[in-house]
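# Structural overview for review
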Amino acid sequence: MQHTLFDTPVVNTLLRGTSRATLRLLGWQVQGSLPPEAAKCVLIAAPHTSNWDLPFTLMVAFCLRLRIYWMGKASLFRGPFGPIMRWLGGVAVDRSKSNNLVAAAAAAIVAAPGPLQLVVPPEGTRGKTRHWKTGFYFIALQAQVPIVLAYMDYTRKVSGLGPVFVPTGDVEADMATIKQFYAGIRGRNADQFTAQ
């Protein structure tokens, strides 16, 4: 995986302080912490309903001392913004092509020499959708890492890390359990997210 701002010592320290101050000023609380056994994991980013989710996610990651990489649509990485997005931890996903993204992501997690948290929105889009994609689940299953239920509740202005979930291989039952956690959480555009 590429070098990111989370690996840049001075920048990381400055942005951690700035993130804490900004979130506090905006009235947000950050909750939870990453347990040692989840140093390598898949973080569910839910609900994902707004462009504002990325800057808030980055600030929360700094506050929690995470080393995140996040998946974003390939168009975000075109032109002059490409290197910036990659430095922010972005990994381009070309949704128009059928490539083995799950296997590649799982292999990257396994091969990482240290902590790595891969942030994946289960909806696969900011737009309204009732169907959650299962890519995050199969990435965790193949990499043999846990799934951490991360959240951003715009109504309560609370964000953080919830329970650590170890996938059992029973996709239907596991997805029902995961979705249950998100039932009361509201995104910035609450009408675009459902945990059913």
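Please refer to the structure higher up on the page.
Just so it is clear, the model here is predicted, and its values are computed rather than measured.

## A look at the overall build of the chain
Within the chain one finds six helices and seven strands. In the chain, the succession of α and β elements from N to C terminus is α-β-β-α-β-α-β-α-β-α-β-β-α. Buried residues in the chain amount to 44% of all 196 residues. Once local pairs closer than 6 in sequence are excluded, the contacts in the chain between residues at least 24 apart make up 72%. As displayed, the chain has an accessible area near 9,900 Å², and 58% of this comes from carbon and sulfur atoms.

## Here we look at the packing of aromatic side chains
Within the structure shown, the criterion is met by nine aromatic pairs. Here the aromatic rings of W132 and Y182 are separated by 5.8 Å at their centres, their planes lie at 65°, and the arrangement is edge-to-face. Here W132 is found in the loop between β5 (116-120) and α5 (135-143), whereas its partner Y182 is found in the segment after α6 (171-181), with 50 residues between them in sequence. Y182 matches W132 in its accessibility class, with the two residues each being buried. Centre to centre, the rings of F181 and Y182 are 5.0 Å apart; their planes meet at 90°, and the pair counts as edge-to-face. Take F181: its relative accessible area is 29%, and that puts it in the partly exposed class.

## Looking at the sheet that holds strand β6 (residues 147-153)
Taken in spatial order, the seven strands of this open sheet run β1-β7-β6-β2-β5-β3-β4, and their pairing is mixed. Each edge of the open sheet carries a strand with a single partner, namely β1 (29-31) and β4 (90-93). Shown here is a sheet whose adjacent strand axes are inclined to one another by a mean of 25°, direction ignored. The sheet contact formed by β6 and strand β7 (residues 158-165) spans six bridges and is antiparallel. For M152, the partnering residue across the bridge sits in β7 and is S159. Sitting on the sheet, helix α2 (residues 53-63) touches β1, β3 (68-73), β6 and β7, and the angle it makes with β3 is about 170°. Where helix α4 (residues 101-111) meets the sheet, it contacts β2 (40-46), β3, β4 and β5, and its direction lies at approximately 130° from that of β2.

## A word on the packing of helix α1 (residues 9-25) against α2
The interhelical angle for the contact between α1 and α2, taken along N-to-C directions, is 115°, at an axis separation of 8 Å. Considered as vectors, α1 and α2 are oriented roughly perpendicular to each other. The way α1 lies across α2 gives a crossing that is left-handed. Residue-level contacts link N12, L15, R16, S19, R20, T22 and L23 of α1 to F56, M59, V60, F62 and C63 of α2. Grouping the constituent residues of the contact of α1 with α2 by class yields seven nonpolar, three polar and two charged.

Reading guide: rules and limits
Residues numbered from 1 in each chain as written. Predicted model: local features only at pLDDT ≥ 70, side-chain atom pairs only at ≥ 80, totals over all residues. Heavy atoms only, no water. Helix = DSSP H or I, 4+ residues; strand = E, 2+ residues; numbered from the N terminus. Buried < 20%, exposed > 50% of the residue type's maximum accessible area, 1.4 Å probe, protein only. Contact = heavy atoms within 4.5 Å. Areas by Shrake-Rupley, 256 points an atom, 1.4 Å probe, with all protein chains shown as cover. Phe/Tyr/Trp six-rings, centres within 6.5 Å; stacked < 30°, edge-to-face > 60°. Pairing = 2+ DSSP bridges. Axes fitted to C-alpha atoms, helices over the stretch in contact; angles between N-to-C directions. Parallel < 35°, antiparallel > 145°, perpendicular 65-115°, else oblique. Left-handed = near helix turned anticlockwise from the far one by under 90°. Nonpolar A, V, L, I, M, F, W, Y, C, P; charged D, E, K, R; others polar.

The values reported here are purely geometric and, on their own, carry no functional implication.
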